[in-house]
Amino acid sequence: MSGARTFAIDATRLDGWLRELARFSDAPAPAVERVLYTPTDLAGRAFVRGLAESLGLAVRVDAVGNTFFRLEGREPALAAVATGSHLDAIPNAGRFDGTVGVLGGLAALEAIRGAGITPRRAIEVIAFTSEEPTRFGLGCVGSRLMSGAIAPEAVRALRDAAGRPFEEVRADAGFVGALEEVRLPEGHYHAFVELHVEQGPVLEREGVAIGVVTAIAAPASYVLEIEGEGGHAGAVLMPDRKDALCAAAEIILAVEDAARTSGSDDTVATVGVCRVFPGAINGIAARVHLELDLRDTSLAAREEAFAVMAAAIERIAAARRVRVSRRTINEDPPAQADAAIVAAVEASAAAHGLTSRRMPSRAYHDALFMARIAPMGMVFVPSARGVSHRPDEYTAPEDVARGAAVLAGTLLKLAEDGDG
Ligand code: HGY
Ligand code: MN
Ligand code: MN
């Protein structure tokens, strides 16, 4: 059976699932917010689990809540093919980021079953835990543990903004078992393919239906603590100040400048969190907490940009007589998609009569870590106006359905692969 097998996915029905899931949110519609291990997260997970069970899929949940929906194959002993994405959503997000990969995966399995096909290898849809960094400051905790990209000890050391330990929050959410059990051995999966909205403008701008991801950019993130001297906004004259917020402002602009002038179009840097202490209108800022997100498709270019930022931070700290301490949250290498999977996605797109183009993913995904234990690929569908991580994030139902159909053809091709 070649990747030429085509499928028709009911676009309205799949969009209905996405709309239903978007109702599980801690933000007023159209915004979606579903933060790890909150009651809303658990309710969203329960909705998706109910859907998967109604499709006749077997369900397994691991110690951190990674959830595996399995369509059994003709040869259960063979390594399965996997797909999937995430259900959690950052504050003020939309209803497509991550969810298209989980619900689109379920729709793909339903289409395969509906065609009366039992694939040679089992196919699993994974809903990964904590793809977003919102709760504990680190993204992809579920797939990092699965792939061995993080030690369980480092996860046990995570604290949320209220200072609550990961283990306590996990237990309260009802997930049990040792973190060590989450790890999957190399070869556990024959292949991993993630369906995701592009979260950028390229496919829409070029009028292309399917993005075939060739690589996932290398993400890094850091915390900067800036310590100056507080004081009375009226009594301390300008030359005598060590204003942590003015130093932060200069650092943020230096970060932006280093990204803009890095020489690589793919260098992106963002300071998305800035917390000021004491945060009083008539109090000079004593301390500022910044969080920096830095990426590039090239590790060398990212590291070079970071070195420029670090030097600028040092210079600014000395000139303003403030202390800046830095903590690295993560520094991950990029991941390359597997050539055979790239070809399988392209073949499936062509078989469905769809245009496709190769492209990098500038956002990170669980696929970035699954690439460490299995050959990886990704399927992109267009994002309207390139928007994501915003309530007006949108992908037309027909585009989502086309992505799910191409995913189904790709998964089936891989599931018929021979060998181990
Ligand atoms: O930030 C990212 O790239 C992903 O959306 N978590
Ligand atoms: Mn996201
Ligand atoms: Mn995502």
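Residues numbered from 1 in each chain as written. Chains lettered and ligands numbered in written order. Predicted model: local features only at pLDDT ≥ 70, side-chain atom pairs only at ≥ 80, totals over all residues. Heavy atoms only, no water.

Visitor: Could you give an account of the packing of aromatic side chains, with specific residues and numbers?
Guide: Tallied over the full model, the rule gives 7 aromatic pairs. Following the ring pairs from residue to residue traces out a cluster consisting of Tyr-37, Phe-136, Phe-166 and Phe-175. Above the ring of Phe-68, the side-chain terminus of Arg-60 is found at 4.0 Å from the ring centroid. Above the plane of the ring of Phe-277 lies Arg-287, whose end atom (NZ or CZ) is 4.1 Å from the centre. (Phe/Tyr/Trp six-rings, centres within 6.5 Å; stacked < 30°, edge-to-face > 60°. Lys NZ or Arg CZ within 6 Å of the ring centre and 35° of its normal.)

Visitor: Can you explain the coordination of the manganese ion (ligand 2)? Please cite residues and give values.
Guide: Each donor-metal-donor angle would ideally measure 109.5 degrees in four-coordinate tetrahedral geometry, or 90 or 180 degrees in six-coordinate octahedral geometry. Summarising the metal site, the manganese ion (ligand 2) is bound by the protein donors Asp-97 (OD), Glu-132 (OE) and His-389 (NE2), whose distances to it range over 2.1 Å. Mapping the donors of the manganese ion (ligand 2) onto the primary sequence yields the spacing D-x34-E-x256-H. In this model, the manganese ion (ligand 2) sits 3.6 Å from the manganese ion (ligand 3), the two metals being bridged by Asp-97. Taken together, the positions of Glu-132 in the loop between strand 6 (123-128) and helix 4 (141-147) and His-389 in the loop between strand 17 (376-381) and helix 12 (397-415) put the pair 257 residues apart, joining distant regions of the chain. Residue Glu-132 is classed as buried on the basis of its relative accessible area, which comes to 6%. (Donors = N, O, S within 2.8 Å, 3.2 Å for Na, K, Ca; no water. Helix = DSSP H or I, 4+ residues; strand = E, 2+ residues; numbered from the N terminus. Buried < 20%, exposed > 50% of the residue type's maximum accessible area, 1.4 Å probe, protein only.)

Visitor: If you had to explain the sheet that holds strand 9 (residues 218-227) to someone new, which residues and values would you point to?
Guide: With antiparallel pairing, 4 strands are arranged side by side in an open sheet as 11-13-9-14. The open sheet has two free edges, formed respectively by strand 11 (268-277) and strand 14 (323-331), since each of these has just one partner strand. This sheet shows a mean twist of 15 degrees between the axes of neighbouring strands, independent of strand direction. Those strands touched by helix 9 (residues 299-320) are strand 9, strand 11, strand 13 (287-296) and strand 14, and its axis lies near 160 degrees from that of strand 13. (Pairing = 2+ DSSP bridges. Axes fitted to C-alpha atoms, helices over the stretch in contact; angles between N-to-C directions. Contact = heavy atoms within 4.5 Å.)

Visitor: Give a detailed account of the domain arrangement of the protein, specifying residues and quantitative values.
Guide: Parsing the protein into structural domains produces domain 1 (11-217 + 335-415) and domain 2 (218-331). Counting residues at the interface gives 10 residues for domain 1 and 8 residues for domain 2. For the domain 1 and domain 2 pair, buried surface summed over both sides reaches about 730 Å², with 59% attributable to carbon and sulfur atoms. Along the contact surface separating domain 1 from domain 2 lie 1 salt bridge. For the salt bridge of Asp-266 with Arg-362, the shortest nitrogen-to-oxygen distance reads 2.4 Å. Here domain 1 and domain 2 share 2 residue pairs in polar contact (both at pLDDT 80 or more) between them. Considered class by class, the residues forming the side of domain 1 that touches domain 2 number 7 nonpolar, 1 polar and 2 charged. (Domains from an automatic or database assignment. Buried area = accessible area lost by both parts, 1.4 Å probe. Salt bridge = Lys/Arg side-chain N within 4 Å of Asp/Glu carboxyl O. Polar contact = N/O pair within 3.5 Å; in protein donor to acceptor, adjacent residues only side chain to side chain. Nonpolar A, V, L, I, M, F, W, Y, C, P; charged D, E, K, R; others polar.)

Visitor: Let's hear about the side chain of Arg-241: which residues, and what values?
Guide: Tracing the backbone shows Arg-241 in the loop between strand 10 (231-232) and helix 8 (244-260). Nearest to the buried, unbridged Arg-241 among oppositely charged side chains is Asp-243, at 4.6 Å. Beyond its immediate sequence surroundings of up to four residues, Arg-241 is in contact with His-232, Ala-233, Val-236, Ile-284 and Arg-321. (Lys, Arg positive; Asp, Glu negative; His and termini not counted.)

Visitor: Summarise the coordination of the manganese ion (ligand 3); cite the residues concerned and give the values.
Guide: Taken together, the protein donors to the manganese ion (ligand 3) comprise His-86 (NE2), Asp-97 (OD) and His-196 (NE2), at separations of 2.1 to 2.3 Å. Binding-site remark: the manganese ion (ligand 3) is held by donors from one chain whose sequence spacing is H-x10-D-x98-H.

Visitor: Describe the pattern of salt bridges, with residues and values.
Guide: One pass over the structure, following the stated rule, counts 30 salt bridges. Arg-13 serves as the salt-bridge partner of Glu-110, at 2.8 Å between the closest nitrogen and oxygen. Within this pair, whereas Glu-110 is found in helix 3 (residues 99-114), its partner Arg-13 is found in helix 1 (residues 11-22), the two being separated by 97 residues in sequence. Of the charged contacts in the structure, one is a salt bridge between Arg-135 and Asp-160, with a shortest N-O distance of 3.0 Å. With Arg-135 in the loop between strand 6 and helix 4 and Asp-160 in the loop between helix 5 (152-156) and helix 6 (166-172), the pair connects residues that are 25 residues apart, well separated along the chain. The two residues Arg-135 and Asp-160 agree in class, both being buried. Salt bridges linked by common partners bring Asp-15, Arg-19 and Arg-95 together as one network.

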